[in-house]
Amino acid sequence: MTEETGARFPAVGDPSGLAPDDRFYREELQLANRNRGMPLEALRYPITPVGMHYLLVHFDIPEVNAGSWRLNIGGLVAKPLSLSLADIQARPRQTLPVTMECAGNGRALLDPRPVSQPWLLEAIGTSEWGGTPLRGVLEEAGVSEQAVEMVFTGADRGVQGDQDQVYQRSLSVDEVMRGEVLLAYEMNGRPLEPQHGYPLRLLVPGWYGMTSVKWLMAIEAVSEPFEGCQMIESYRYSDSPDDPGKPVTLQKVRALMVPPGIPDFLTRMRVVEAGDNILTGRVWAGRREIVGVDVSTDSGGTWSEALLEAALSPHAWRGWSYRWAATPGQHTLCVRGRDSDGGIQPTEQPWSQQGVGNNMVQRVEVIVG
Ligand SMILES: Nc1nc2c(c(=O)[nH]1)N[C@H]1C(S)=C(S)[C@@H](COP(=O)(O)O)O[C@H]1N2
Ligand SMILES: [Mo]
């Protein structure tokens, strides 16, 4: 939520934005019911069915009339453009499987818990996104040498950090000119659904999800770094309310497991039969390469390497599998990914004030027998 105290809108619970104990607030439940996660058994699908892809909407889902909608490109450009959806769809079409993850994935596992959208581990999904490369459109507009960043504006409006705002994020000119950055109007071969940004969204593979601005209305080339709320106040790795912290950018490495066996209805504790079990899951690392996945069946005591499948695309997750000879009793299964930059998922929580980038290893409690 907001760090402000004495603001027009009261902070929930502790003014530091931290929850004092394990009980969740009604406001977190309200957010959780709006912003669904991907049920982890959907890790079985290489491409997530649209209705199972996670969802994160800060304010309300805006109603956009695609007939009158335009994408306006302006600021420091030689030729400002105003494009209809048909104009954009007439441009070269590209499809790309991309794994998206919310920066807040893992937040509700932190201790103490930052009060915001209370994700456990389900803020992920992989779609086949269809659209046109943004670079082509920007080349046509002619971005000035003076421009350092592009600001992306969505159609949704609300109050956050005590500011009335529309959702806006910026990216450096170098980043927006990368070939994989799309103006996306399709998800798995169908028009975007309203909640995923209809009629058009930005899609920035490799970055945490906040960068992929939905209901895109405008792109503006600017000469100074943009200092909107979603850049300066939100999405920072900060240690305390007073620490401005560093910006949240690329996805970190993370592996997740398809929950094995069958669940207990309420606790989700897994019940598995003794003997050979094939554990499976997916692993991704944003822009970095995956170099390995390790599984532990003894709560992180010892680790063994899993088998890796080929990647669907350079921007999507990879499948992994591991044969486990399950013995009767209670076990804690763990999985961790390793990336080409020496990144490895930690067993200690990487805590931050806003609960972002928590890629601590997954732990799955299992009863065998
Ligand atoms: N306009 C707008 N764009 C947005 C958001 C938003 O609230 N408004 N949420 C962002 C965040 S935090 C994430 S994680 C992704 C989620 O995209 P999805 O809901 O399609 O999975 O959209 C991003 N783009
Ligand atoms: Mo997010």
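Higher on the page you've got the structure.
Residues numbered from 1 in each chain as written. Chains lettered and ligands numbered in written order. Predicted model: local features only at pLDDT ≥ 70, side-chain atom pairs only at ≥ 80, totals over all residues. Heavy atoms only, no water.

Brief notes about the site of ligand 1
Part 1 of the argument: Taken together, 19 residues lie around ligand 1, and His 58, Asp 156, His 196, Arg 201 and Lys 214 are the ones closest in.
Part 2 of the argument: Separating an oxygen atom of ligand 1 from a side-chain N or O atom of His 196 is a distance of 2.7 Å.
Part 3 of the argument: Against a free-state accessible area of 530 Å², the protein chains account for coverage of 100% of ligand 1.
Part 4 of the argument: Here ligand 1 is seated within the largest cavity. (Near = heavy atom within 4 Å. Polar contact = N/O pair within 3.5 Å; in protein donor to acceptor, adjacent residues only side chain to side chain. Areas by Shrake-Rupley, 256 points an atom, 1.4 Å probe, with all protein chains shown as cover. 1 Å grid on protein atoms, 1.4 Å probe; cavity = no way out; pocket = protein on both sides within 12 Å on 5 of 7 lines; lining within 4 Å. Sits in = over half its atoms within 2 Å of the grid points.)

Comments concerning the packing of aromatic side chains
Part 1 of the argument: Inspection of the entire model under this criterion finds two aromatic pairs.
Part 2 of the argument: Centre to centre, the rings of Tyr 54 and Trp 119 are 5.9 Å apart; their planes meet at 90 degrees, and the pair counts as edge-to-face. Taken together, the positions of Tyr 54 in the loop between α1 (26–34) and β2 (71–75) and Trp 119 in the loop between β5 (113–114) and β6 (124–133) put the pair 65 residues apart, joining distant regions of the chain. Summarising the burial analysis for this pair, Tyr 54 and Trp 119 share the class buried.
Part 3 of the argument: Stacked on the ring of Trp 303, the Lys or Arg Arg 336 has its end atom at 4.0 Å from the ring centre. (Phe/Tyr/Trp six-rings, centres within 6.5 Å; stacked < 30°, edge-to-face > 60°. Helix = DSSP H or I, 4+ residues; strand = E, 2+ residues; numbered from the N terminus. Buried < 20%, exposed > 50% of the residue type's maximum accessible area, 1.4 Å probe, protein only. Lys NZ or Arg CZ within 6 Å of the ring centre and 35° of its normal.)

Things to note about the pattern of salt bridges
Part 1 of the argument: Overall, the coordinates contain 13 salt bridges when judged by the stated rule.
Part 2 of the argument: Taking the shortest distance from any N to any O, the salt bridge between Glu 186 and Arg 93 comes out at 2.8 Å. Of this pair, Glu 186 sits in strand β9 (residues 182–187) while Arg 93 is found in the loop between α2 (85–89) and β4 (94–101), placing the two residues 93 residues apart along the sequence.
Part 3 of the argument: For Glu 186, a relative accessible area of 15% corresponds to the buried category. (Salt bridge = Lys/Arg side-chain N within 4 Å of Asp/Glu carboxyl O.)

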